[in-house]
Amino acid sequence: MVKRKSSARFSSLEMSVIVAQTDTTVGFLSHDSQKLYSVKSRPKTKPFIKVYKDFRSFLSDGKRVEKNRKNMVRRSKKTTFIINDFSFRVAESDLNSQILRDFSWFYSTSANQSGEKFSRDFCESKADIIIEDKDGLFESSSSVIIKINSKKQRRLR
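Just so we're clear, the structure is a prediction, and the values are computed from it rather than from any experiment.

**Student:** Can you help me understand a positive patch on the surface in this one?
**Tutor:** A cluster of basic side chains, namely Arg64, Lys67, Lys70, Arg74 and Arg75, defines a positive patch on the protein surface. Locating Lys67 in the fold gives a position in the loop between helix H2 (55-60) and helix H3 (70-75). Residue class for Lys67 comes out exposed when judged on its relative accessible area of 78%.

**Student:** Is there a simple way to explain the pattern of salt bridges in this structure?
**Tutor:** For side chains bearing opposite charge, pairing can occur when the charged atoms are close. One pass over the structure, following the stated rule, counts four salt bridges. For Asp128, the salt bridge is made with Lys35, and the minimal N-O distance between the two is 3.2 Å. With Asp128 in the loop between helix H5 (120-126) and strand S8 (129-131) and Lys35 in helix H1 (residues 33-40), this residue pair connects regions lying 93 residues apart in the sequence. Among the residues examined, Asp128 registers a relative accessible area of 22% and is labelled partly exposed. Linking Lys50 and Asp61 is a salt bridge whose minimum nitrogen-to-oxygen distance equals 2.9 Å. Taken together, the residues span a long stretch of sequence, with Lys50 in strand S4 (residues 49-52) and Asp61 in the loop between H2 and H3 at a distance of 11 residues. Several salt bridges share partner residues, and in doing so they unite Arg120, Glu124 and Glu132 into one network.

**Student:** For this particular structure, what's the right way to read the layout of surface pockets?
**Tutor:** Rolled over the atoms, a probe with the dimensions of a water molecule shows which regions are left empty. Here the largest pocket defines a volume of roughly 800 Å³. Forming the boundary of the largest pocket are 34 residues, of which Arg42, Lys46, Ile49, Ile145 and Arg157 lie nearest the centre. Contributing elements (two or more residues each) for the lining of the largest pocket: strand S3 (26-30), strand S5 (79-83), strand S6 (86-90) and strand S7 (105-110).

**Student:** Please clarify how the pairing of S3 should be interpreted in this entry.
**Tutor:** Side-chain direction in a regular strand flips from residue to residue, so the side chains alternate between the two faces of the sheet. With five of five residues buried, S3 lies mostly within the body of the structure. Side-chain alternation along S3 places Val26, Phe28 and Ser30 on one buried face and Gly27 and Leu29 on a second face that is also buried. The pairing of strand S2 (residues 18-21) with S3 spans four bridges and is antiparallel. Considered in S3, the bridge of Val19 is made with Phe28. Hairpin connection between S2 and S3: a loop of four residues separates the two successive antiparallel strands. The sheet contact formed by S3 and S7 spans four bridges and is antiparallel. Across the sheet, residue Ser30 finds its bridge partner in S7, namely Tyr107.

**Student:** Hey, could you run me through the nonpolar core in this one?
**Tutor:** With 14 residues, the main nonpolar core has Val19 and Phe28 as its most contacted residues. Listing elements by their share of this core, those giving two or more residues are S3, H1 and H5. When residues no more than four places from it in sequence are discounted, the contact partners of Val19 are Val26, Gly27, Phe28, Cys123, Ala127, Ile129, Ile130, Ile131 and Leu137. With 12 residues, the next largest nonpolar core counts Phe58, Phe81, Phe88 and Ile148 among its residues.

What counts and how
Residues numbered from 1 in each chain as written. Predicted model: local features only at pLDDT ≥ 70, side-chain atom pairs only at ≥ 80, totals over all residues. Heavy atoms only, no water. Patch = residues over 30% accessible without salt bridge, like charges linked within 9 Å, V, L, I, M, F, W, Y side chains within 5 Å. Areas by Shrake-Rupley, 256 points an atom, 1.4 Å probe, with all protein chains shown as cover. Salt bridge = Lys/Arg side-chain N within 4 Å of Asp/Glu carboxyl O. Lys, Arg positive; Asp, Glu negative; His and termini not counted. Charge placed at Lys NZ, Arg CZ, Asp CG, Glu CD. Helix = DSSP H or I, 4+ residues; strand = E, 2+ residues; numbered from the N terminus. Buried < 20%, exposed > 50% of the residue type's maximum accessible area, 1.4 Å probe, protein only. 1 Å grid on protein atoms, 1.4 Å probe; cavity = no way out; pocket = protein on both sides within 12 Å on 5 of 7 lines; lining within 4 Å. Points joined across faces, edges and corners; volume = space filled by probe spheres on them. Pairing = 2+ DSSP bridges. Core = buried A, V, L, I, M, F, W, Y, C linked by side-chain atoms within 4.5 Å. Contact = heavy atoms within 4.5 Å.

Written as structure tokens, this is what we have:
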């Protein structure tokens, strides 16, 4: 089910803030990181995770992964990687939503106030579009974060 405040049919979708059940937890998704900063009241020094719908989209964005780490990145589930201060995750959406299929990537963050638990009222008041399936929106565990380079990898969370 898709709810939208605006009467125009997906007019400025790239600038919208979407709330959806991501592969890990409920998240705000958008192409505009500045809009996410204002929604979350988050310091601009803390970057967002860029979520790609598949590994091919990640590569077409001009990003590179060391040859010995490609299989790990491509096959991982619910894992965020940090390479040279760039954080990303490859996650196919389980939701059957045309909105999520049309874009190859989104900036992503949890749908809660910084440091707080999930609140449906908060995320509904801040989102332009709400995408929800029969299971609804629920908070679950966050993704594993691994910092990688050519020689080593370190689990941060």
